[in-house]
Structures are given as structure tokens and as C-alpha cells.
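# Residue-level structural notes
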Amino acid sequence: TLSLHDALPIFADTAILVAQGDLQKRAPVLTSDEIGALASAFNDMTSKLRQSTEQLAEYNQTLEEKVNQRTGEIRAIIDNMADGLAVVDLNNRILQVNATLGKMLHLPLENMVGKTVPEVFSSEIQALIQRSQQDVRHVYSDEFVAPNNMTGKASVSAVIKTNPKNPEEQSCLGSVVIVRDITVEKEIDRMKTDFISTVSHELRTPLTSVLGFAKLIQKK
């Protein structure tokens, strides 16, 4: 019969290996007395711990796959937006951009991500970003002209983090920049203005004559 004095070193060595992560290790069940029952209980505990660890690993893998899938979907949505998008942190460093913004500014994505705001954006957008982080309650907009003569309209809002325990406690994490190409809209507005100006000029002379004849007729 294995004595408690002889069994303790064996249990100790097995427990140390299990504590180090070797959940496949089992204590030898050499007797059917209390020592054997202790070894069986230890092995049963290790087996349940191994099952729990495997389930947790499987859950983590599934969760990671779902996160990656969701991240990919969000990334696809961002990249297919008609408007340009950029995320800027409090240090004025660009964290994220989409492909549309790169096309608008004629810049590769790798030349924007990680750069500072002055290296990529115009002074108008820089001012909007600064204002959005100083006053997080409003959305700020302004027009600008890109180097390729594109007229854009930038709208900047702050990224707000709310404390779940205290909804009134908010902190600013950065800014989101949305850029829309309004070159065609501006051209249409200019054409309408030119059209109205031309029509009014062409009508002014005959209308003046008609008005003069009407006054003459009225007098006679």
C-alpha cells in the first residue's frame, strides 16, 4: 500500500506540471483507499479543467473569426462609400482612411495612414479638426480646393466615448472627417448663375423699350 508520505511527492510533481499548463498530466491511481480516491478526484478535476480550457479556446477562436468577419464587412462598407473618410486621433495623426479619399486627393493610402494632419489635409480641414476637438457638440463644415482642382466639402465631428457608469461623463478620442466631392454641384451653380445673368441682360433692353412704349401709349 502506498503511504501518504510516498504519494505526496508524486501528487506535488503532477500538480506542478498541471499548474504550468500541462493539463494532459494525470496522477497515478495506485491504491483503492483514500490516497487512490484523492488521485482520482485530482484527475477528474484536471480533466474538467482541460475541457473548460478547450471550450474557452474554441469560443475565443469563434469570437475572433466573428470579429474578423465583422471588421471585414465594416471595412468593405467604408471602402465603398461615395464620400471620403478619415479618422484622426488627438495627436493629429491619421489612423484610418478609405480608398475614396485617396482617389479624391490623388494619394495612395500608405501615404496617408500614420501621417499628421498638416501633411495630408488643407488648412481649412485642419481648422475644422481643431474646432471639433475643442467643442465636441457640433459638426463643422467648410469647402476647400484640392490640388487636382477638385472642390470638396469637409464635415468634421468628434469621436466621443461615454462612460457606461456615468453617461454624462464623455471624453474625446479624436475626429472623423467626411469629404464630399462637390465639383459638379459648384459647376452647375455657376452655370445657373451665368444663365440667369445672361437672360436678365438679354431681356433688360427689350423690356426697357416695351416699358417706354407703354408709358408713351398711356400719355396719348
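Predicted model only: the values in this text are computed from it and were never measured.

Conventions adopted
- Residues numbered from 1 in each chain as written.
- Predicted model: local features only at pLDDT ≥ 70, side-chain atom pairs only at ≥ 80, totals over all residues.
- Heavy atoms only, no water.
- Helix = DSSP H or I, 4+ residues; strand = E, 2+ residues; numbered from the N terminus.
- Expected span 1.5 Å × (residues − 1).
- Buried < 20%, exposed > 50% of the residue type's maximum accessible area, 1.4 Å probe, protein only.
- Arc of directions from axis to C-beta.
- Contact = heavy atoms within 4.5 Å.
- Polar contact = N/O pair within 3.5 Å; in protein donor to acceptor, adjacent residues only side chain to side chain.
- Salt bridge = Lys/Arg side-chain N within 4 Å of Asp/Glu carboxyl O.
- Core = buried A, V, L, I, M, F, W, Y, C linked by side-chain atoms within 4.5 Å.
- Patch = residues over 30% accessible without salt bridge, like charges linked within 9 Å, V, L, I, M, F, W, Y side chains within 5 Å.
- Areas by Shrake-Rupley, 256 points an atom, 1.4 Å probe, with all protein chains shown as cover.

## A few points about helix H5 (residues 123-134)
Spanning twelve residues, H5 covers 17 Å between terminal C-alpha atoms, matching the ideal 16 Å at 1.5 Å per step. Where H5 is concerned, the buried positions are Ile125, Leu128, Ile129 and Ser132. Seen from one end, H5 has its buried residues packed into an arc of 100°, which puts them on one side. Every exposed residue of H5 that faces more than 90 degrees away from the buried side is listed here: Ser123 and Gln134. Those residues of H5 that are buried are in contact with strand E1 (84-89), helix H4 (117-120), strand E3 (140-145), strand E4 (151-163) and strand E5 (166-181).

## Some remarks on unusual backbone geometry
Even without being glycine, Asn92 reaches a positive phi, approximately 60°. The topology assignment puts Asn92 in the loop between E1 and strand E2 (94-97). A positive phi angle, near 55°, is found at His106, a position not held by glycine. Positionally, His106 belongs in the loop between helix H3 (99-105) and H4.

## Examining the side chain of Ser132
Checked against the element boundaries, Ser132 lands in helix H5. Exposure remark for Ser132: the relative accessible area of 0% places this residue in the buried category. Polar side-chain contacts of Ser132 include one of 2.8 Å to the backbone oxygen of Ile129. Looking at Ser132, its side chain comes within polar contact range of the side chain of Ser175, at 2.8 Å. Residue contacts for Ser132: discarding those within four places in its chain leaves Tyr140, Val156, Ser157, Ala158 and Ser175.

## Digging into the pattern of salt bridges
Applying the stated rule across the entire model yields eight salt bridges. Residue Glu185 pairs with Arg180 through a salt bridge whose shortest N-O separation is 2.7 Å. Between Arg190 and Glu187 there is a salt bridge, and its shortest N-O distance comes to 2.4 Å. Separated by three residues within a single helix, Arg190 and Glu187 lie in helix H6 (residues 183-219), roughly one turn from each other. The network of salt bridges with shared partners includes Glu187, Arg190 and Asp194.

## Points about the nonpolar core
Residues Phe121, Ile129 and Val177 are the most contacted members of the largest nonpolar core, which totals 22 residues. Mapped by element, the contributors of at least two residues to this core are E1, E2, H3, H4, H5, E3, E4 and E5. With residues near it in sequence (within four places) discarded, Phe121 still touches Ala86, Ile94, Leu101, Leu105, Gln126 and Ile129. Membership of the second largest hydrophobic core comes to five residues, among which are Val18, Leu23, Ala27 and Phe42.

## Observations concerning a nonpolar patch on the surface
A contiguous nonpolar surface patch, about 390 Å² in accessible area, is contributed by Leu56, Tyr59, Leu63 and Val67. Positionally, Leu56 belongs in helix H2 (residues 34-79).

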